[in-house]
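Given next are the chains, with one letter for each unit.
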Amino acid sequence: TRSQAPRAARGEYMKRILVCQHVAHEILGTLNPLFKEHGFRIRYANFGRHPDLKISLDGYDGLVVLGGPMNVDETVKYPHLAHEVALIQEGLEKEIPILGICLGAQLIAKTLGEKVARHHTKEIGWYDLHLMEAGQKDSLFAHFEPMEKMFQWHGDTFDIPKGAVHLASSPLCENQAFRYRNNVYGVQFHMEVDEPMIQRWLTVGVNKQELDDSKGVFSADLIGKETGQHIGRLKSLGTQSFNAFIDLFGIPKKFRRFSSR
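Criteria and thresholds
- Residues numbered from 1 in each chain as written.
- Predicted model: local features only at pLDDT ≥ 70, side-chain atom pairs only at ≥ 80, totals over all residues.
- Heavy atoms only, no water.
- Axes fitted to C-alpha atoms, helices over the stretch in contact; angles between N-to-C directions.
- Helix = DSSP H or I, 4+ residues; strand = E, 2+ residues; numbered from the N terminus.
- Parallel < 35°, antiparallel > 145°, perpendicular 65-115°, else oblique.
- Contact = heavy atoms within 4.5 Å.
- Nonpolar A, V, L, I, M, F, W, Y, C, P; charged D, E, K, R; others polar.
- Phe/Tyr/Trp six-rings, centres within 6.5 Å; stacked < 30°, edge-to-face > 60°.
- Buried < 20%, exposed > 50% of the residue type's maximum accessible area, 1.4 Å probe, protein only.
- Lys NZ or Arg CZ within 6 Å of the ring centre and 35° of its normal.

At their nearest, the axes of helix α5 (residues 195-203) and helix α6 (residues 205-213) sit 5 Å apart, and the two run at 70 degrees to each other. Considering their axes alone, α5 and α6 lie roughly perpendicular with respect to each other. Contacts between α5 and α6 involve W201, L202 and T203 from the first element and G205, N207, K208 and L211 from the second. Along the lines of polarity and charge, the residues of the contact of α5 with α6 split into 3 nonpolar, 3 polar and 1 charged.

Given two aromatic rings, their pairing is described by the distance between the two centres and the angle made by the two planes. Under the criterion given, the structure shown has 10 aromatic pairs. Note on F151 and W153: the rings are 6.5 Å apart at their centroids and 50 degrees apart in plane angle, and the pair reads as tilted. Given a relative accessible area of 0%, F151 falls into the buried group. W153 gets classed as buried once you look at its relative accessible area, which sits at 9%. Measuring from centroid to centroid gives 5.9 Å for F151 and W201, while their planes differ by 50 degrees, and the two rings are tilted. Of the two residues, F151 sits in strand β6 (residues 147-158) while W201 sits in helix α5, which places them 50 residues apart along the sequence. For W201, a relative accessible area of 0% corresponds to the buried category. An aromatic cluster is defined as three or more aromatic residues linked by ring pairs; in this entry it consists of F35, F40, F245 and F249. The residue whose ring lies beneath R16 is Y60, and the NZ or CZ to ring-centre distance is 4.4 Å.

Below is the structure:
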């Protein structure tokens, strides 16, 4: 496969993307190298370190909002959450591509006027994901089988926003993914994780406490074992989904790499 030269070196406009990060262990993961391959300039707004940070989307071509352990309504404890809702609203008005993962999806749903609340059960580990008919036709998920194993770590859930398309569900949590217009996606599950990332999640303090508090309902050993079984498929699915998201930026396909497909 022909190596991709940096777009900026050819005098082309370099796409800029803003990434909202909430905790150190929830990062872009496998999405990071794909953005870099396509010549994106990535800026992290690290709200975990700088909760009072204020930033605008001026000059940015897209927005990614990552996950985190907080609830979207904890704006007194986490004042950046209200600012992120304003950022998402700004992105909606600018009609740029937006991707929300886990907490990020919940923040998009809140921005669109929907309820986000504690779910009756948590999903931590590997779970079946079912595509709705619309999901099977959507560019981000058309390569999925009707049922796939996805990695989850959440206790909250959102209502599907009015005007959005419901794309995926799971037996324990109905609302797993949606598309709003043609450029905004919210996904409850984690396609961006790789095996080292999951291992870190299992040992980081706040997550380890959550596992311990479950009294054996959620097992780090079982999650580790199932990760070995499912991570290869997840990486393949995630690569194709994230490449489809990158397509929303209008990057010519002649500059695309296909070796990971």
